[in-house]
2 protein chains.
Amino acid sequence: MVSASLAGELNRARVLKTLYANGPLPRPELARLTGSTRATIGQIVTPLLDDGLLEELEPLASGVQGGKPARPLWFSDNGWPVGAMLVLPQGVKTAVVTAGGRVTAVTSSSFPADVDADGVTRRITTAMRRTMARAGVALHGIGIAVGGMVDTEAGVVVRAGLAPVLDGLPLAQVVQADTGVPAHLDQDTRAQALGDLLFGAGRGESSFASVYVGAGIGAGFIFDGALHRGARGAGGEVGHAVVDRDGPVCRCGRRGCWEMLANRHALHAAAAAAGLPGAATLDLAGLVALASRDAAAGRVLAGYTEDVALGIANLQQVLGVGLFILHGDPAGAGEPFRAAVEVAARERAFAHPGGPTRVVLGTADDVATLRGAAALVLSKALHVAF
Amino acid sequence: MVSASLAGELNRARVLKTLYANGPLPRPELARLTGSTRATIGQIVTPLLDDGLLEELEPLASGVQGGKPARPLWFSDNGWPVGAMLVLPQGVKTAVVTAGGRVTAVTSSSFPADVDADGVTRRITTAMRRTMARAGVALHGIGIAVGGMVDTEAGVVVRAGLAPVLDGLPLAQVVQADTGVPAHLDQDTRAQALGDLLFGAGRGESSFASVYVGAGIGAGFIFDGALHRGARGAGGEVGHAVVDRDGPVCRCGRRGCWEMLANRHALHAAAAAAGLPGAATLDLAGLVALASRDAAAGRVLAGYTEDVALGIANLQQVLGVGLFILHGDPAGAGEPFRAAVEVAARERAFAHPGGPTRVVLGTADDVATLRGAAALVLSKALHVAF
DNA sequence: TCGGTTCGTATGCGAGTCTCACAAACTATC
DNA sequence: GATAGTTTGTGAGACTCGCATACGAACCGA
């Protein structure tokens, strides 16, 4: 139930969410956007300024009619550091992220090929401790993004398809015990979606899908400004939705999964079949460059574009989200590829009153995911329902 | 922002939602489930009892330790009547539904084959006026469920695939102007999902999909106890998600849409191809009966089962919902068919920490949809976010 | 210098929930 | 049959928070 004190908490969360959705804002603007008053906003932000979460930026210039200059509020780059971790089959990345999204003290650590569960755990905790030491400040929490299926309630990695050594690892507990800082676990693509919502191309958008296309395909969904999680963190396995019932067998055992058609391996295979030079190591950006002067490469690229758009169009049909943010390989492929995917997705989905499907490119590196991992902590610690 | 008065409204909504999710409840139980106190619950429900929305049922027996008997609260069957309407290509159904879900004064009206937009409008408004007259009471609003794509903000039918005569019709406005009662419009499968949530198999569930399988395929999604709508009411077109990239051409122009494989027409075609008797008019229940003594019919049924499960498994993979409620043809097909779909869906989707996929049968008639249409009104009028 | 304008804050009010206390109604026991 | 124990439902006061209002602070242009 929402008592007066809970109402205060909800309103504080609303203010913070409004800041994340719009960037630095002065008090009167916050009041306007939240439908509140300057007095109430002042009452809310004063303790946050005292705590060091927020700070006042340089005063804006007054308008032509004069008046006291407004001082925009934004998250302090000094206070409120949060740990962020991305655990993938090949290794772990750690960083410290401030509430404003500044990423510092990034470290990377690779897993050897023959590593066992103990070795993985040791490398993960060591990397985090090193990052904490480099940051030199106490963290408010650690957010962990994992490539694979997770149990968000238990904080356990259920199944990391490409790294079975992680299966069943209670990673949140392990990290929390080792560092003494509360840890929160979620799927990497869901963290990525949070990163887009707070600090990326999804800022200010109410609903979108954040899609990763690389060695595998995954997605996180933002509906009405909040992250969608299935039961105990299920869902988001869009790469293993069947789009070609009689297609090739996937490593998951089913036939015609989307990622069998549109992942990096499929690209290599198509390039090799077309006899393109260096097919086995060709990346999407390279294919785009090659396609401008090689018709065979152009056909491979067109096919891949269609296959990416096919899955996007399916999501559009089912969910009705209007925006898709592509991370991974497409992020480095440039504007022509983005436009081609967008056109193909529009052709494959119905026209909606919500307007045509938009496709934008995200980041090729993992910064969105690291920021999203940090956002897992911000969500819990600040009681904001992202 | 949530002021004290808005907090009161939210808490009132929370109490009503708790009632819908649990059925009749006495005040102490409501307090327990909402984390509130008996005093606060009393303060909230007293005006609702005075308004005639709620009423006190017969006192329960005291416990073994004695004590004053508790009187459960539930929605009055006399007060708060709401209009419900289901507009389909072949005709319109209207009814009056109470806040407790009792459906009365049902009427049906078919559209002639050569009807024009004016004729459709006239038949719809006439049916509603007749139902209102039969009910003999003033309605608090009218909920309209339409088979087709709608613009929920504008209250306009965007595209009714099987009934182009409805395209572009501002149905909410038309009905509101004709009856003088506020009207709310949404897609039929979304209304169906609301009906399941409040009065059907989805009661008390936080997330599920309500799927209709018949001449077409559609679905409505409940996430965290609330209906999912895409941008301006987009989405839910699960029947036109591609599951067989190189499959047969659908009437929408794409290839291999789910509903090309698993709708009623596909069933007839498969039955005809197998040489089953009466294939052109065979319904699913009939096929189930036939399959028990005819191996060829068994193979047709098995194929259809797999095709239905294929789309369900895809939804499970993407969304992570754990429960699927099947309406339309499967609703009348009986337990063996339900179990077969469930098994097939489980085999086609990953195992999740949220537990195995459950499939249950809904109603073959349209009562869930009519109740859901009424719930559109209840949601607005009672300020409850379903 | 002064009026106009905007920003930020202090003050009283109102609405709602929570805590506490008490009457009402029922059961079991002496 | 009287009484203690238990549970339900309600009333009074405390508390918290947002809101309306008013006022000082800071800036512009004349």
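Here the structure is shown first, and the text comes after it.
Per-chain numbering applies: the sequence of each chain, read as written, is numbered from 1 onward. As a convention, the first chain written is A and the first ligand written is 1, with the rest following in written order. Since the coordinates come from a predicted model, pLDDT governs what is reported: local features require at least 70, and pairs of side-chain atoms require 80 or more to be given and counted, while whole-chain, interface and lining totals use all residues. Water and hydrogen atoms were dropped before computing side-chain values, which therefore reflect all heavy atoms in the structure.

All right, on to the overall build of chain A then. Only DSSP runs of H or I reaching four residues or more are called helices, and only runs of E reaching two or more are called strands; each is numbered from the N terminus. Within chain A one finds twelve helices and 14 strands. Here chain A has a C-alpha radius of gyration of 22 Å; the compact-globule value for 386 residues is 21 Å, and the two agree. Partly exposed residues are those whose accessible area sits between 20% and 50% of the maximum for their type, while under 20% is buried and over 50% is exposed, using a 1.4 Å probe and protein chains only. Each of the 386 residues in chain A was classed as buried or not, and the buried ones make up 55%. Only the protein chains shown count as cover for residues, and the accessible areas themselves come from Shrake-Rupley with a 1.4 Å probe. When the accessible surface of chain A is totalled, it reaches about 15000 Å², and 52% of it is carbon and sulfur. Both charge centroids of chain A, one from 33 positive and one from 34 negative side chains, sit 3 Å from each other. Both definitions apply: the radius of gyration is a C-alpha atom measure, and the globule rule equals 2.2 Å times residues to the power 0.38. Counting rule for charge: Lys and Arg are taken as positive, Asp and Glu as negative, and neither His nor the chain ends is counted. By convention, the charge on Lys lies at NZ, on Arg at CZ, on Asp at CG and on Glu at CD.

Bringing empty space enclosed by the protein into the picture now. Only protein atoms enter the 1 Å grid used here, on which a cavity is any set of points holding a 1.4 Å probe that cannot leave and a pocket is any open set flanked by protein within 12 Å on both sides along at least five of seven lines; residues with an atom within 4 Å of a point are listed as lining. Grid points are joined across faces, edges and corners, and a volume is the space filled by probe spheres set on the points. With the rule as written, the count across this model stands at five cavities of 30 Å³ or more. Counted as a void, the largest cavity has a volume near 210 Å³. Forming the walls of the largest cavity are 17 residues, and the residues nearest its centre are Ala241(A), Asn314(A), Val318(A), Ala241(B) and Asn314(B). Counting only elements with at least two residues in the lining of the largest cavity, the list comes to helix 10 (295–319) of chain A together with helix 10 (295–319) of chain B. Put simply, Ala, Val, Leu, Ile, Met, Phe, Trp, Tyr, Cys and Pro go in the nonpolar bin, Asp, Glu, Lys and Arg in the charged bin, and everything else, Gly too, in the polar bin. Looking at the lining of the largest cavity residue by residue, the classes come out as 13 nonpolar, four polar and no charged.

All names here are of chain B. Pairing between two strands is assigned when DSSP locates at least 2 bridges connecting them. Taken in spatial order, the five strands make up an open sheet running 5-4-3-6-9, and their pairing is mixed. Lying at the two open borders of the sheet, with one neighbouring strand each, are strand 5 (103–110) and strand 9 (183–187). Here the average twist between neighbouring strands, direction ignored, is 15°. In this sheet, strand 6 (residues 142–146) lies alongside strand 3 (residues 82–88) in parallel orientation, the contact comprising five bridges. When the bridges of strand 6 are listed, leucine 86 appears paired with alanine 145. Should any heavy atoms of two residues lie within 4.5 Å, those residues are counted as being in contact. What counts as an axis is a line fitted to C-alpha atoms, over the stretch in contact for a helix, and the angles between N-to-C directions run from 0 to 180 degrees. The strands that helix 4 (residues 117–135) touches are strand 3, strand 4 (91–97), strand 5 and strand 6; relative to strand 4, the one it contacts most, it runs at about 25°. Here helix 12 (residues 367–381) sits on the sheet and contacts strand 3, strand 4, strand 5, strand 6 and strand 9; the angle it forms with strand 3, its principal contact strand, is near 130°.

Below, the discussion takes up the packing of helix 2 (residues 27–34) of chain B against helix 3 (residues 38–51) of chain B. All names here are of chain B. Interhelical geometry of helix 2 versus helix 3 gives an angle of 115° and a closest axis separation of 9 Å. Helix-helix and strand crossings are classified by hand; for helix 2 and helix 3 the assignment is right-handed. Only Arg38, Ile41, Gly42, Val45 and Leu49 of helix 3 make contact with helix 2, whose side of the interface consists of Arg27, Pro28, Leu30, Ala31 and Thr34. Residue classes in the contact of helix 2 with helix 3 are distributed as six nonpolar, two polar and two charged. Should the near helix be turned anticlockwise from the far one by less than a right angle, the crossing is left-handed, and should it be turned clockwise, the crossing is right-handed.

Turning next to the pattern of salt bridges. Residue and element names in this part refer to chain A. Any carboxyl oxygen of Asp or Glu within 4 Å of a side-chain nitrogen of Lys or Arg constitutes a salt bridge here. The tally for this structure, following the rule as stated, stands at 38 salt bridges over all chains. Arginine 264 is the salt-bridge partner of aspartate 329, the closest N and O atoms lying 3.0 Å from each other. Here aspartate 329, found in the loop between strand 13 (323–328) and helix 11 (335–348), pairs with arginine 264, found in helix 8 (residues 264–273); they are 65 residues apart in sequence, far enough to count as distant. For arginine 264, a relative accessible area of 31% translates into the label partly exposed. In this structure, arginine 338 and glutamate 335 form a salt bridge, with 2.8 Å as the shortest nitrogen-oxygen distance.

Taken together, the contacts link 54 residues of chain B with 54 residues of chain A. Across the chain B to chain A interface the summed buried area is about 4500 Å²; carbon plus sulfur atoms make up 59%. Taken together, the links from chain B to chain A amount to four salt bridges. Any pair of nitrogen or oxygen atoms within 3.5 Å is treated as a polar contact; in protein, a donor-acceptor pairing is required on top of that, and neighbouring residues in sequence qualify only through side-chain atoms on both sides. Here chain B is connected to chain A by 27 residue pairs in polar contact (both at pLDDT 80 or more). When contributions to the side of chain B that touches chain A are tallied by element, the ones reaching two or more residues are helix 1 (4–22), helix 3, strand 7 (149–151), strand 8 (156–159), strand 11 (217–223), helix 10 and helix 11 (335–348) of chain B. At eight residues, the largest contribution of residues to the side of chain B that touches chain A is made by helix 10 of chain B. For the side of chain B that touches chain A, the residue count by class is 26 nonpolar, 16 polar and twelve charged. In this description, buried area is defined as the sum, over both parts, of the accessible area (probe of 1.4 Å) that is lost when the two are combined.

This part takes up helix 2 of chain B. All names here are of chain B. Turning to helix 2, its buried residues number three or more, namely Leu30, Ala31 and Thr34. All buried residues of helix 2 project into a common sector of 100° when viewed along the axis, lining one side. Residues of helix 2 that are buried in the fold lie against helix 1, helix 3 and strand 2 (73–75). Looking one or two residues past helix 2, glycine 35 carries a phi angle of roughly 70°, positive in sign. This arc is built from the directions going out from the helix axis to the C-beta atoms.

Residue and element names in this part refer to chain B. In contact at an axis separation of 10 Å, helix 1 and helix 3 are set at 80° when each is read in the N-to-C sense. With respect to helix 3, the element helix 1 is oriented roughly perpendicular. Along its contact with helix 1, which presents Asn11, Arg12, Val15 and Leu16, the element helix 3 presents Ile41, Ile44, Val45 and Leu48. A per-class count over the contact of helix 1 with helix 3 returns six nonpolar, one polar and one charged. Should an angle fall under 35 degrees it is taken as roughly parallel, and over 145 as roughly antiparallel, whereas 65 to 115 is taken as roughly perpendicular and any remaining angle as oblique.

Here the focus is the protein's contact with DNA strand C. As a structural note, the neighbourhood of DNA strand C is formed by 29 residues, with Arg38(A), Gly67(A), Lys68(A), Ala4(B) and Gln43(B) the closest of them. One heavy atom within 4 Å of a molecule or strand makes the whole residue count as near it. Taken together, the sugar and phosphate atoms account for 70% of what DNA strand C places within 4 Å of the protein. For DNA strand C, a phosphate oxygen lies 3.2 Å from a polar atom in the side chain of Gln65(A). The backbone of Lys68(B) places a nitrogen or oxygen atom 3.3 Å from a base nitrogen of DNA strand C. The set of elements that each furnish at least two residues to the surface near DNA strand C consists of helix 2 (27–34) and helix 3 (38–51) of chain A together with helix 1 and helix 3 of chain B. In the surface near DNA strand C, the residues fall into ten nonpolar, 14 polar and five charged.

This paragraph deals with the protein's contact with DNA strand D. Not every one of the 29 residues close to DNA strand D is listed here, only the nearest: Ala4(A), Gly67(A), Arg38(B), Gly67(B) and Lys68(B). In DNA strand D, atoms within 4 Å of the protein come from the sugar-phosphate backbone in 68% of cases. Taking Gly67(A), its main chain carries an N or O atom lying 3.0 Å from a base oxygen of DNA strand D. Contact distances for DNA strand D include 3.3 Å between a phosphate oxygen and a side-chain N or O atom of Arg27(B). Those elements giving two or more residues to the surface near DNA strand D turn out to be helix 1 (4–22) and helix 3 of chain A together with helix 2 and helix 3 of chain B.

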